[in-house]
Each structure stands twice: as C-alpha cells, then as structure tokens.
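Fold and contact review
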Amino acid sequence: MSPEFSLHNFLTCQQFLNHPQDITVRCCATSQTRRFISHSQDELKQKAAEAAISYIAPKLDRKSIVGVGTGSTANCFIDELAKIRHTFDAAVASSEATQQRLAAHGITVLDLNATPHLDVYVDGADEIDALGNMIKGGGAALTREKIVSSAANEFVCIADDSKLVTRLGTFPLPVEVIPMARSLVARALVQLGGQPIWREGVTTDNGNIILDVHNLKIEQPLEMERRINDIAGVVCNGIFAQQAAHVAFLAGKNGITNLHSSAAEVP
Ligand code: 5RP
C-alpha cells in the first residue's frame, strides 16, 4: 500500500475488488483527489488522465515515445500530454482521430513502422477487471489500439470507476471484421453463445465493419480472445487479455483507485 493509504479509500477499493489476492491496490487519497466537489463522468475522466500523466512523467526522457489510445478519456490524456510535450520525443497514435488531436497540439506523431519501441501506452477502456483484462473498441479503434499497445513496454489504463467490473461481458464485445465475412463471422459468434449486432454506418480506420457481441459469457478472457481471433474473417476482437493493462487509474467520487496487475508484469 502507498503511504497515502487511508481507511476511507481502502473501503472504496475493497468494494470494487473481488480478487485482492491478484492485484496490488494503491489508493492515493491525495489532497487533490479529496478536493472533488462534483463528479461528472467527464471530470472523472479528466482526473484519471491527470493521474496517468503524474505516473508516466517521471519515466519520460527526450527519447521517449508514447503510445496514445482513442476515445473521450484518451482525449483528456492527450490534452494533458500536450502540457509536457517538451519532455519526450514523439507519440504513436491508435487512430486517425487521435493522430489529428496530437498533431493539433504540436506533438510529433510517428508511424509505428518507424518506431521500434514505445515506452508506454495510455488508453481508456469500456470495461476492466481486477486483473487488468479489458473490453475495448467502443470507439471502433480496437485493432490499432491492440497493435500500438503491443509495441509498448507498459499499458496504462485510464477510466472512471464505472468501468471496473467483476467479469467482462456486460458491455457488448466489439469485433472488427472484413466486410465480406460479416455473416460468416456472425454465425460463428452465435456458436460461441453471443448475439452479434452489426454496428451499421461505422467503418473502421482500416476499412472494416464492427460486430458488437451481446450476452457473451467471458469467463476466461484469454481463451475467448484467442477463440474469436481464430474465426476466419475476424481482424481483431476487443478483449485485451493478451495485452492486459499493467496499471490502471480509475477515478471515482472518493479519488483515484490505482490497480497494479500482477498478471501483466511490466517487462
Ligand atoms: C475506443 C476504445 C476506448 O478506449 C473505449 O471505448 C473507452 O472510451 P471512452 O474513454 O470514451 O469511454 O476502446 O476504441
């Protein structure tokens, strides 16, 4: 436990964690987090982004490359990252939208092919469990998010604490699919017990479609991630178990809950 540990925040953490043996919980009841007055979801996303900046800033140097996720929480992070843009070299983006936001802040954005190694990857999630397994892809950027995060040493997840779940799967699982395989993949997903719904009108940055799979029982996230990846026509699915978060900053009304996953050790 961190020196800032307090009983108040400990109770908050316990309420969220079903597997305390699997995770190191650090509750940072800083004066900043105690000053929360109102707690809209946007404010919580902002607090999570600020916590991630405090965490990564001491690790960055003029050669560091930061991988950046996609979504509203990632946008808060990008805006905070811009304030320390002179302390690192460049960023790699997980979507066209993120690339544009980074560039608008004057942050150099590199192609992943020109970047052998990322120091850290920071992104939001649609769900995260106590082991750092996540569902992602609500913003349809899952494939590039998985690619960019796999090139990074460390995955830092930022979210409001409503995203913390005991078991993944309440949020419909996004699956990116080659358009011609839509029906084929949908039938295979039904065989796995899910109910796929085509996210009509959405084309990913890679030119593909998204199926959102409802009511899927995800008891073994790693196993389910692999099974869905094995379906011909699937480009990527939104279970991030192979690339589970190493660290998560989850903002709630009582402050930041900081999860350090022992299942996903930082190399
Ligand atoms: C985009 C994602 C996002 O990280 C996820 O949808 C969370 O988004 P938000 O921060 O807006 O709640 O995976 O593909």
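Parameters and conventions
- Every residue gets a number counted from 1 within its own chain, in the order that chain's sequence is written.
- Whole-chain, interface and lining totals are the exception, using all residues; otherwise, since this is a predicted model, local features are given only for residues with pLDDT of at least 70 and side-chain atom pairs are given and counted only at 80 or more.
- A residue counts as near a molecule or strand when its C-beta atom, positioned from the backbone, falls within 6 Å of it.
- Helix numbering and strand numbering both begin at the N terminus, where a helix is a DSSP run of H or I of at least 4 residues and a strand a DSSP run of E of at least 2.
- Three classes are used: nonpolar for Ala, Val, Leu, Ile, Met, Phe, Trp, Tyr, Cys and Pro, charged for Asp, Glu, Lys and Arg, and polar for all others, with Gly counted as polar.
- For two strands to count as paired, DSSP must find a minimum of two bridges between them.
- Here an angle of 0 to 180 degrees is reported between the N-to-C directions of two axes, which are lines fitted to C-alpha atoms, with helices fitted over the stretch in contact.
- Here, residues touch in the contact sense if the C-beta positions derived from the backbone fall within 7 Å of one another.

Here the focus is the site of the ligand. Residues in contact with the ligand amount to 18 residues; listed here are only the nearest, Gly71, Thr73, Gly124, Gly138 and Gly139. Those elements that place two or more of their residues in the shell around the ligand are helix 4 (72-81) and helix 6 (142-150). Broken down by element, the shell around the ligand gets its largest block of residues, three residues, from helix 4. Within the shell around the ligand, the residues separate by chemical class into five nonpolar, nine polar and four charged.

Overall, antiparallel pairing links the four strands, which are arranged 9-10-8-11 in an open sheet. A single partner strand is all that each edge strand has here, and the edge strands are strand 9 (195-198) and strand 11 (234-237). Each strand axis lies, on average, 30° off the axis of its neighbour in the sheet, ignoring direction. With respect to the sheet, helix 8 (residues 221-229) is in contact with strand 8 (173-177) and strand 11, its orientation differing from that of strand 11 by roughly 165°.

Moving on, we come to the sheet that holds strand 12 (residues 239-240). Pairing between the strands of a sheet comes from backbone hydrogen bonds, and it takes one of two forms, parallel or antiparallel. Spatially, three strands are ordered 5-6-12 in an open sheet, and the strand pairing comes out antiparallel. Each of the sheet's edge strands pairs with one partner strand only, and the pair in question is strand 5 (127-128) and strand 12. In this sheet, strand 12 lies alongside strand 6 (residues 134-135) in antiparallel orientation, the contact comprising two bridges. Within strand 12, the position partnered with Met134 by the bridge is Phe240.

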